[in-house]
Amino acid sequence: MTRAHPVIIGVGRTKFGEHYEREPEKLIEEAWLKASVSAGLERKDLDAGYLADYFLPITNKIGIEEGFLSELTELHIPMEKTRSFSSALLNACTAIQAGRYDVVLVGGVEKMTDRWDKIRDDLMLLEDPWSYYAGCTPEANHELMLREYVKQHHLSGRELETLNIALAQIAVKNHKNAVQNEHAQYQREITVETVLKERKKAQKPLGLFDYAPVSDGATAIILASPEKAKKRTDAPVCVAASASATDYVTYPAREERTGFIASMIAMRNALKMAGIAQNDIQVAELYDQSTLLEMVSLEDLGFSKRGTAWQSIAESLNQSQRFYRVNGKELYVNTNGGLKADGNPLGATGGAQICEIVQQLNGKAGNRQVKPDADLQYGCASELEGFGTKAYVHILRRGDCR
Amino acid sequence: MSSEPIERRVSYIGDRLRGSKCGICGKEYFRPRDYCGTCGRRSFGKMQDTDFFYKKGELEVCTLVKEPTNKFTRLESYVYGIVSFDNGRVRVPGRLTDQLLQDKEIDVTEFEGREVVPRFRRRYAVEQSDVVPTIALTFTFADEYYPFQEHQIVKPRKECERPGIVGYGAYTSKFRIKDGAIERSVPYVDEDSITAAVEAGKMAIVHSGIDPLMMAKVYVGSESNPYAVKPIASKVAQVLKLGEEDKERGVQTVDAVDTEFACKAATCMFKDASALVYYPSARGHYTMVVGTDNSQAAPRNEPGGELDFFVGYGASAFIFGMNDVIAEMEDWCSCTSDTPDFWRRDLESYPRHGGRFTGEPAYFKHVTKAAEKLMDKMRLQPKDITYFVSHQPNVAFPVKVATQLGFKEEQFMPGLQVARFGNTYSSSSPIGLAAVLDIAKPNDRIVIVSYGSGAGSDAYSLLVTNQILDKKDRQKFTICYQAENKNIEYIDYETYRRLKLGM
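Residues numbered from 1 in each chain as written. Chains lettered and ligands numbered in written order. Predicted model: local features only at pLDDT ≥ 70, side-chain atom pairs only at ≥ 80, totals over all residues.

This part covers the overall build of chain A. Helices and strands together make up the secondary structure of chain A, namely 15 helices and 11 strands. Taken against the 2.2 N^0.38 rule, which gives 21 Å for 402 residues, the C-alpha radius of gyration of chain A at 20 Å falls within 12% of a compact globule. Counting only C-alpha atoms and orienting by the principal axes, one finds that chain A spans roughly 60 × 45 × 40 Å. Within the span of chain A, comprising 402 residues, buried residues form 60% of the whole. (Helix = DSSP H or I, 4+ residues; strand = E, 2+ residues; numbered from the N terminus. Rg over C-alpha atoms; globule rule 2.2 N^0.38 Å. Buried ≥ 20, exposed ≤ 12 C-beta atoms within 10 Å, placed from the backbone.)

So, on to the overall build of chain B. Looking only at helices and strands, chain B has 12 helices and 24 strands in total. Overall, chain B is about 70 × 55 × 40 Å in size when its C-alpha atoms are taken along their principal axes. Looking at chain B residue by residue over its 503 residues, the buried ones come to 53%. Expressed as a percentage of contacts within chain B between residues at least 6 apart in sequence, the contacts between residues at least 24 apart total 74%. (Contact = placed C-beta atoms within 7 Å.)

Turning our attention to the interface of chain A and chain B. Between chain A and chain B, the residue contacts involve 22 residues of the former and 25 residues of the latter. Looking at the side of chain A that touches chain B, the element that brings in the most residues is helix 7 (residues 140-152) of chain A, giving 6 residues.

Moving on, we get to the packing of helix 12 (residues 291-300) of chain A against helix 13 (residues 309-319) of chain A. Residues and elements named next belong to chain A. Interhelical geometry of helix 12 versus helix 13 gives an angle of 115° and a closest axis separation of 9 Å. Here helix 12 and helix 13 pass one another in a crossing that is right-handed. Contacts from Met 295, Leu 298 and Glu 299 of helix 12 reach helix 13 at Ala 309, Trp 310 and Ile 313. For the contact of helix 12 with helix 13, the class distribution of residues is 5 nonpolar, no polar and 1 charged. (Axes fitted to C-alpha atoms, helices over the stretch in contact; angles between N-to-C directions. Left-handed = near helix turned anticlockwise from the far one by under 90°. Nonpolar A, V, L, I, M, F, W, Y, C, P; charged D, E, K, R; others polar.)

So, about the confidence of the model for chain B. In the predicted model, chain B carries a mean pLDDT of 96, and the fraction of residues at 70 or more is 100%. If you check the scores for this complex, the pTM reads 0.95 and the ipTM reads 0.95. (pLDDT = per-residue confidence, 0-100.)

All names here are of chain B. The 3 strands are arranged 2-1-3 in an open sheet whose pairing can be described as antiparallel. The open sheet has two edge strands with one neighbour each: strand 2 (28-30) and strand 3 (47-51). Here the average twist between neighbouring strands, direction ignored, is 30°. Note: strand 1 (residues 18-22) against strand 2, 3 bridges, orientation antiparallel. Looking across to strand 2, one finds that Ser 20 is bridged to Tyr 29. (Pairing = 2+ DSSP bridges.)

With that settled, consider the environment of Ile 205 of chain B. Residue and element names in this part refer to chain B. Inspection of the secondary structure puts Ile 205 in helix 2 (residues 193-208). In sequence terms Ile 205 and His 151 are 54 residues apart; their C-alpha atoms lie 7.3 Å from each other. Those residues in contact with Ile 205 that lie beyond four places of it in its chain are His 151, Ile 210, Pro 212 and Leu 240.

Two quantities define a packed helix pair, namely the angle between the axes and the distance from one axis to the other. Residue and element names in this part refer to chain A. Their axes nearest at 6 Å, the elements helix 4 (residues 85-97) and helix 15 (residues 346-361) cross at an angle of 65°. With respect to each other, helix 4 and helix 15 are oriented roughly perpendicular. Of the residues in helix 15, those in contact with Phe 85, Ser 86 and Leu 89 of helix 4 are Gly 347, Ala 348, Thr 349, Gly 350, Gly 351 and Ile 354. Looking at the contact of helix 4 with helix 15 residue by residue, the class counts come to 4 nonpolar, 5 polar and no charged. (Parallel < 35°, antiparallel > 145°, perpendicular 65-115°, else oblique.)

With that settled, consider the sheet that holds strand 24 (residues 489-490) of chain B. Across the sheet, 3 strands lie side by side as 11-10-24 (chain B); this open sheet has mixed pairing. Looking at which strands have only one partner, the edges of the open sheet turn out to be strand 11 (182-186) and strand 24 of chain B.

What follows covers the pairing of strand 7 (residues 115-122) of chain B. All names here are of chain B. Strand 7 sits mainly inside the fold: 7 of its 8 residues count as buried. Pairing analysis gives 2 bridges linking strand 4 (residues 57-65) to strand 7, with the strands arranged antiparallel. Looking at the pairing, Gly 57 lines up with Val 116 of strand 7. Judged from the 6 bridges that link them, strand 7 and strand 8 (residues 134-141) form a sheet pairing that is antiparallel. Paired with Val 116 across the two strands is Phe 141, which belongs to strand 8.

Residues and elements named next belong to chain B. When its domains are assigned, chain B resolves into domain 1 (4-17 + 52-141) and domain 2 (159-501). Averaged C-alpha coordinates put domain 1 and domain 2 at centres separated by 28 Å. Taken together, the contacts link 13 residues of domain 1 with 16 residues of domain 2. Broken down by element, the residue count for the side of domain 1 that touches domain 2 peaks at 3 residues, all from strand 7. Tallied by class, the residues present in the side of domain 1 that touches domain 2 amount to 5 nonpolar, 2 polar and 6 charged. (Domains from an automatic or database assignment.)

Of all hydrophobic cores here, the largest spans 260 residues; its most connected members are Val 104 of chain A together with Val 218, Val 236, Val 290 and Ile 446 of chain B. The element contributing the most residues to this core is helix 2 of chain B, with 9 residues. Both domain 1 (4-17 + 52-141) and domain 2 (159-501) of chain B contribute no fewer than three residues apiece to this core. Setting aside its immediate chain neighbours within four residues, Val 290 of chain B contacts Ala 197, Ala 200, Gly 201, Val 218, Tyr 219, Val 220, Val 236, Ala 266, Ala 315 and Ala 317 of chain B. Counting 6 residues, the second largest nonpolar core, distinct from the first, contains Leu 56, Met 112, Val 214 and Leu 346 of chain A. (Core = buried A, V, L, I, M, F, W, Y, C linked by C-beta atoms within 7 Å.)

Another aspect to go through is helix 15 of chain A. Each α-helix turn comprises 3.6 residues. Residues three or four places apart therefore point the same way. Residue and element names in this part refer to chain A. In a regular helix each residue adds 1.5 Å, so 16 residues correspond to 22 Å; helix 15 covers 24 Å between its end C-alpha atoms and thus fits that length. The element helix 15 is largely enclosed, with a buried count of 16 among its 16 residues. Residue Gly 363 follows helix 15 closely and has a positive phi angle near 70°. (Expected span 1.5 Å × (residues − 1).)

Looking now at helix 11 (residues 261-274) of chain A. All names here are of chain A. When the terminal C-alpha atoms of helix 11 are compared, their 20 Å separation across 14 residues agrees well with the 20 Å that a helix rising 1.5 Å per residue should span. Listed in full, the buried residues belonging to helix 11 are Ala 262, Ser 263, Met 264, Ala 266, Met 267, Ala 270, Leu 271 and Ala 274. Where helix 11 ends, the next residue or the one after it, Gly 275, has phi of about 70°, a positive value.

Residues and elements named next belong to chain B. The residue Leu 433 is located in helix 9 (residues 428-439) in this model. A residue is classified by how many C-beta atoms lie within 10 Å of it, and Leu 433, with 31 of them, is buried. A sequence separation of 17 residues divides Leu 433 from Leu 416, and the C-alpha atoms of the two residues are 9.0 Å apart.

Turning our attention to the pairing of strand 11 of chain B. All names here are of chain B. Of the strand pairs in this sheet, strand 10 (residues 175-179) and strand 11 are connected by 5 bridges, and their pairing is antiparallel. The residue of strand 11 that forms the bridge with Arg 176 is Ser 185. The antiparallel hairpin formed by strand 10 and strand 11 contains 2 residues in its connecting segment, where Gly 180 sits at a positive phi of about 60°.

Residues and elements named next belong to chain B. That bond from Glu 360 to Pro 361 is cis: its omega, 15°, falls within 30 degrees of zero. Tracing the backbone shows Pro 361 in helix 5 (residues 359-378). A positive phi is found at Lys 241, a non-glycine position, where the angle reads about 50°. Note that Lys 241 resides in the loop between helix 3 (233-239) and strand 13 (244-246). The phi angle at Leu 347 is positive, at roughly 75°, despite the residue not being glycine. For Leu 347, the location among the structural elements is in the loop between strand 19 (342-343) and strand 20 (352-353).

Okay, structure coming up:
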């Protein structure tokens, strides 16, 4: 039996970047207040809360995040904690569809710069311990995946050069998009040369400008059952699909090492849930923890055939620098600047993706607003936990869902 | 603080690279498992133990790490990648070790596809008070300094009348520092006396062809154990799976002990190790004596710094038994006196020594006494002895003592290895013995006299048997191979001090 789809009735977020003077509670407070204002509701209207964060216990010695959120909202409602924002959203959707709650706060927060000297070690908690013992770094698996990709698809010479430049162009495009995003961590443009220079300096296939930064920030959305949503908003965006999948935590032990099986499965299930095809999606927020992951995501989510995304990227970005042309249609990716330029406060990152898709679908993205060849109706956000150990895909649809 | 239970479990699996193989479909796993994901419940009880300790793998893909996470910063830059075993049936993460990259321009993609062997090393840096973490997810290229060697268990053919050496191995690192005429072996930054002891023991097992489960006792002599309290021998026993293994409890049925007596900490146990295998109820069993040192010396401008011109790094291991003996132990003689010529007080980082007194009366008196007494006892003249090996803290002392005892150059030069590896302390005369065994022929007689400050000497007479020829081809990693290897890397003094200090 299919249940009615939950509706997003409000979104809010902070600027991403370093918030040296602000505690994590100040960040989540700002995001939650903005979301409640945009949804036009009071804290007492909430039935439950889901809060996402990865590292608050480590970075800020906050062990039971639910209590922290309870104190902040002065509420005693049920609350649960997850790692990623997408996980919080999936749980909230399930609860609403089960008829358990009507109005739910979904939030995400991270304060990574509070532990700037140890955060790269902390990030290793997202990998398997054996890789860590062998000397893995937060960046190493991305570079190994790129090597696997190049070898598997026998890329060399000119093709390899095009691929490398295509990856640089992804960073350039995302920075360009972020210029129009007032909340982005980096509101400045960069050039392909800058990206290549950093790679050369590091003697590595991916350099500083290929990776998303370390960030602080918070995001929040208000999710409601269709009945409650009707009374509160006349511009509803519904969650047409919410899917997730898992994979081995040990990257070297996986069969597929040129992409993420978890993403492929989550997308397949999400499309089925939403009852649409890939081509119906016009805007996508992809998890570009590195430029490579934006490219690989295009393949994992089925927008490009395996081993060909770099070609589509190179061809598209050489022309417009705004969208990818895949399967003869325009696909706008990471219009907020992506993790690369908008920022990547882990627990809040998925919230920024959802906020962006909601604003795009509602036509409220300001200077970033995309105008695809057909009316905007569907957008999707994909988020990973760890290096593809978990994948989440949410498909959002403008208007009510049946 | 490191977590002791985690250290125990990680080292139990990771030091040996233990895994499982499904007895039904053949699927392989790194880390032991009770069932196969493909075959499910059917595979319960049908999983076979595997390990990759004596195997070689392939470095499939790799990348350069120039900004490691905090515990790895002492390694500066290194290559990290994915290593596959058994034609890609199992893959593990791995770090290439023994690579001084610094700011060198390298294309790591050229490393891909090359064969690698697992090495046993320190995992990363920890506080001085913590348990030293180790791992074998570190690799070196199979066609470079450290060769790939399989371990094949060979059924013993002949029980001998007297106990003796049934196999041996030595390990020195690929890095050297050169000072004038003397070259010295230098540990890589993730090496110490524990890792060298394991490597030497591994080589001895390869050479002897014994089944390690028949090991009754392992002795490790060292004066540079990273721990004041905690044996190296227990690590050697676990990693090399010495004695029978109780997998349920993770315990080896073997005795293990560390000994300390400056540079004779290992040689003094040769007779004990031989005596034990001669004991009636221990027949068919073996014992192993390891001498290992990352020889300590203060920096050159500090007290004790004069040692810094001579110290080396290395280990050697000798397996004793009654079966297929390559060199019978004919007799021995030891002597001791309380001579404080070299010492290190507890909590001091470096040893001190008694200046000119270390030669006369310390070194010469004891070496001469032990050698003369043994030769008297056995009624041997220098001409009855093919090779004479003595403790070698420098080139001058062993040459002088051998000449004084009436030996000629052809008798003592083959065992004089200090100019190639430096003074490897507990392993100093044993490496000399290994070098001589590498070239010895049946019926050669070898006399080895160790010296340990504090002070004392052990003299042994060994008679080489026919068996030595059978086992010769099993060991590629000979003393000569290590001394004349084309992959040796020479380093400067600053690098030497940094590497020697370790992680």
